[in-house]
Amino acid sequence: MTIAVDQRAGDGVHAPGEQGGLHRTIDWKGAFWIASGVPALVLISIGGMGATAGKLAFLVWTISVIMGFLQAYSYAEIAGLFSNKSGGAAVYGAAAWLRYSKIIAPLSVWCNWFAWTPVLSLGCAVAAGYILNAIAPIPIFTADSPQVVAWLQDAANAAAIAGKTAEEAAKIAIAAVGDGATPALRSFKLVEFSLFGLAKIEVGATFFIGAALMLATFAIQHRGILGTARIQMWIGLLVVIPMLIVGIVPFLNGGVHYDNFTPLVPPNGEWNNYGWTYFLGALFIAGWSTYAFETAVCYTREFRNPKTDTKKAIIAAGALCVVLYALVATAFQGHLGLEGMTQPGIVDGTGVAAAMGDMVGGGNAIIVHLLEMMMILALILAIMMAMAGSSRTLYQGGVDGWLPKYLGHVNEHGAPTRAMWTDLVFNLGLLTFAASDATAYYLILSISNVGYMIFIFLNLQSTWIHRIDSPDIPRPYRTPNWLVAVGAVLGFVNLALMGAGAKVWGNPNALWYGLAFAALIIPVFLFRHYVQDRGKFPDHMLVDLNLKSQDLGARRAGLLPYLTLLLGAAVVVAADYYFQLPPS
């Protein structure tokens, strides 16, 4: 299998002052393999989904990935309009909003970036957990273990087990022996403290292993998109094929138990307000994973033939995700059941490989170890994908005048290294949260997904705004009208999921934390636009729409975009007010 390449430097627009921009070196297959890290995201949050959605989990994953696939057609159309831009769907959609608000356009780009970039820290935290399990495993003791028996027979421990039953005494002994046998590497903490009661900051072994993985990813991508795509292809094959096996084999070997799917009710057992809140919250967080294959159009500026490669890349990546998400999620639930899916090792991700080994190999140690290697590779695949996509969003924001100017720089290989460094430093900070506990992990996920849903809404509306405002611009792919309408409606559905469901994950105020983080773009944009650029956008920013200098074009859509924003805000507020969690 090969990835077609063109070694010539790109001929499109690049950052002012640069000698060259991103290089046109890949075709749609290269972008497809970069996006092949998306299916691995199901393994990161499959346990948390089971705990929140209960027996509805498989249905949530399936509904969500189908929604993402329907939305992808709108992205395919707007991506085809901008053969000279990188950075993904947010950049292409932002151009539609620019005529109506200088703030809304960069908001789309910013929200897309802070939705994507935490994949680096979250993926590294889980991968570090697997590596720690391999090099410094925690010993497992039972009541019959010699160490436990010796502890129980030691007179010095008699007071601790006085008056206890044999079972209770064994539990006390196992805990005491386990504490003493935990490898020093696992308990090592350089720094540990609480941050305003929201989360625990921890700098220990997990942080340092995760940081090393990030630096390795940076080194690979430093040589440009072509090298990244080649490496992703081989890692992708080593991940996608085992995931297909895990998704199919349990149905053939009798490992799927159909009573694990019924009754179809939320965890609280009723389809009341609380039950619907959990269901919508599950759909909310699922979108962070299932919609993510839109990263396949992040590389339009690096495609050899962007007019045809954009659609092929995103639809192929979407089809892969539909198959893998539906199969793997259903197989997991059918085999493990709700009790198995909510075990700590499944929720935090570190026990997923062992579960897959049981599903396809009956727990065979060799198969489990191979699947542990697959999980590490899957997480590396997701990490590399996230850095490639999110750094290009930062880069294009720097080129187009939305984010600080220093981001619009590429090295001699066409890699946006300053944007990559920004991603890396930001995620090193997030890693101190993600490495601490599952609560912090899901709080980061929820806050980032608030940004993602804002971006999704703005982008799905941008397709019809582009059609109204730029009707004569050639469209290499034109989405059927009914799919544009479906996408616009799904934009509002996603806002409802955000309003109702963000509170389910990590913190009841996650929605407001996410909106506050989204608002940080305002001072960032004001600095770039009014301080660095003196109130003018770069002349090349809208060249793909045949607009030059400060001519942003006519507002042919009139008040419709503003009314859309007002309706969207009303949907979020109404959903947040109506759908509530049960009292503690």
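Residues numbered from 1 in each chain as written. Predicted model: local features only at pLDDT ≥ 70, side-chain atom pairs only at ≥ 80, totals over all residues. Heavy atoms only, no water.

### Things to note about the overall build of the protein
Counting its secondary structure elements, the protein contains 22 helices and two strands. When burial is assessed residue by residue, the protein has 59% of its 584 residues classed as buried. Relative to all contacts within the protein whose residues are 6 or more apart in sequence, the contacts with residues 24 or more apart total 81%. For the protein, the accessible area works out to roughly 22000 Å², and carbon and sulfur atoms hold 66% of it. (Helix = DSSP H or I, 4+ residues; strand = E, 2+ residues; numbered from the N terminus. Buried < 20%, exposed > 50% of the residue type's maximum accessible area, 1.4 Å probe, protein only. Contact = heavy atoms within 4.5 Å. Areas by Shrake-Rupley, 256 points an atom, 1.4 Å probe, with all protein chains shown as cover.)

### A word on helix α3 (residues 57-80)
Counted at 1.5 Å a residue, the expected span for α3 with its 24 residues is 34 Å, and the 35 Å between its end C-alpha atoms agrees. A large share of α3 lies buried, amounting to 18 of its 24 residues. (Expected span 1.5 Å × (residues − 1).)

### Here's the deal with the packing of helix α10 (residues 205-221) against helix α16 (residues 365-400)
Packing of α10 against α16 brings their axes to within 10 Å, and their N-to-C directions diverge by 60°. In this view, α10 runs oblique relative to α16, as classed from their interaxial angle. Crossing of α10 over α16 shows right-handed handedness. Each of M214, T217, F218, I220 and Q221 in α10 lies in contact with α16, whose residues at this interface are I383, M384, M387 and A388. Across the contact of α10 with α16, the residue classes tally to seven nonpolar, two polar and no charged. (Axes fitted to C-alpha atoms, helices over the stretch in contact; angles between N-to-C directions. Parallel < 35°, antiparallel > 145°, perpendicular 65-115°, else oblique. Left-handed = near helix turned anticlockwise from the far one by under 90°. Nonpolar A, V, L, I, M, F, W, Y, C, P; charged D, E, K, R; others polar.)

### Some thoughts on unusual backbone geometry
Cis geometry is adopted by the peptide bond preceding P263, which originates at T262 and carries an omega value of -5°. Its location among the elements puts P263 in the loop between α11 (225-252) and α12 (273-290). Phi at R534 takes a positive value of approximately 55°, unusual for a residue other than glycine.

### Side note on the packing of α3 against helix α13 (residues 306-341)
At their nearest, the axes of α3 and α13 sit 9 Å apart, and the two run at 170° to each other. Judged by the angle between their axes, α3 and α13 are roughly antiparallel. Taken together, the residues of the contact of α3 with α13 break down into 19 nonpolar, six polar and one charged.

### Here's the deal with a nonpolar patch on the surface
Nonpolar side chains collect at one region of the surface, where L244, I248, F251, L252, Y258 and V323 lie side by side and expose about 580 Å² of accessible area between them. The leading source of residues in the nonpolar patch is α11, at four residues. (Patch = residues over 30% accessible without salt bridge, like charges linked within 9 Å, V, L, I, M, F, W, Y side chains within 5 Å. Salt bridge = Lys/Arg side-chain N within 4 Å of Asp/Glu carboxyl O.)

### Examining the nonpolar core
The biggest cluster of nonpolar side chains holds 169 residues, and the ones touching the most others in it are F332 and W402. When residues in this core are grouped by element, the largest group, 17 residues, is from α16. Those residues within four positions of F332 in sequence are excluded, and the remaining contacts are L43, I46, V246, G337, M341, V352, A355, M356 and M359. (Core = buried A, V, L, I, M, F, W, Y, C linked by side-chain atoms within 4.5 Å.)

### Here we look at the side chain of E294
Structurally, E294 is set in the loop between α12 and α13. Despite its burial, E294 pairs with no opposite charge, the nearest such side chain being R392 at 13 Å. In contact with E294, other than residues within four places in its own chain, are Y75, A89, N112, W116, I314, Y452 and F455. (Lys, Arg positive; Asp, Glu negative; His and termini not counted.)

### Things to note about the confidence of the model for the protein
Taken over all residues, the pLDDT of the protein has a mean of 82, while the share at 70 or more is 90%. No element of the protein has a lower mean pLDDT than helix α1 (residues 28-35), which averages 75, and none a higher one than helix α22 (residues 560-578), which averages 97. pLDDT under 50 marks residues 1-20. Its contacts with residues more than four places away, or in other chains, come to 50 contacts. (pLDDT = per-residue confidence, 0-100.)

### Quick word on the packing of aromatic side chains
For the coordinates displayed, the defined rule picks out 22 aromatic pairs. Measuring from centroid to centroid gives 4.9 Å for Y578 and F579, while their planes differ by 90°, and the two rings are edge-to-face. Under the relative-accessibility criterion, F579 is labelled buried at 17%. Through a chain of ring-to-ring contacts, three or more aromatic side chains come together here, namely W110, W113, F114, F426 and F517. (Phe/Tyr/Trp six-rings, centres within 6.5 Å; stacked < 30°, edge-to-face > 60°.)

### A few points about the pattern of salt bridges
Within the structure shown, the criterion is met by eight salt bridges. Here K189 and E202 are joined by a salt bridge, their closest N and O atoms 4.0 Å apart. Of this pair, K189 sits in strand β1 (residues 189-195) while E202 is found in strand β2 (residues 199-204), placing the two residues 13 residues apart along the sequence. The exposure class assigned to K189 is partly exposed, which follows from its relative accessible area of 31%. The network of salt bridges with common partners includes E77, R467 and R475.

### A closer look at helix α20 (residues 510-519)
Every buried residue of α20 is accounted for by A510, L511, G514 and A518. Angularly, the buried residues of α20 cover 105° about the axis, an arc narrow enough to put them on a single face. (Arc of directions from axis to C-beta.)

### A few points about the environment of S145
With respect to the secondary-structure elements, S145 resides in the loop between α6 (118-135) and α7 (146-153). By relative accessible area, which is 11% here, S145 ends up buried. Distance in space between the C-alpha atoms of S145 and I174 is 8.8 Å, their sequence separation being 29 residues.

### Looking at the environment of S108
Within the secondary structure, S108 sits in helix α5 (residues 104-116). In the structure, S108 is positioned 349 residues away from F457 in sequence and 9.1 Å away in space, judged by C-alpha atoms. Ignoring sequence-local partners within four residues, the contact set of S108 consists of A90, A94, F455, L458 and N459.

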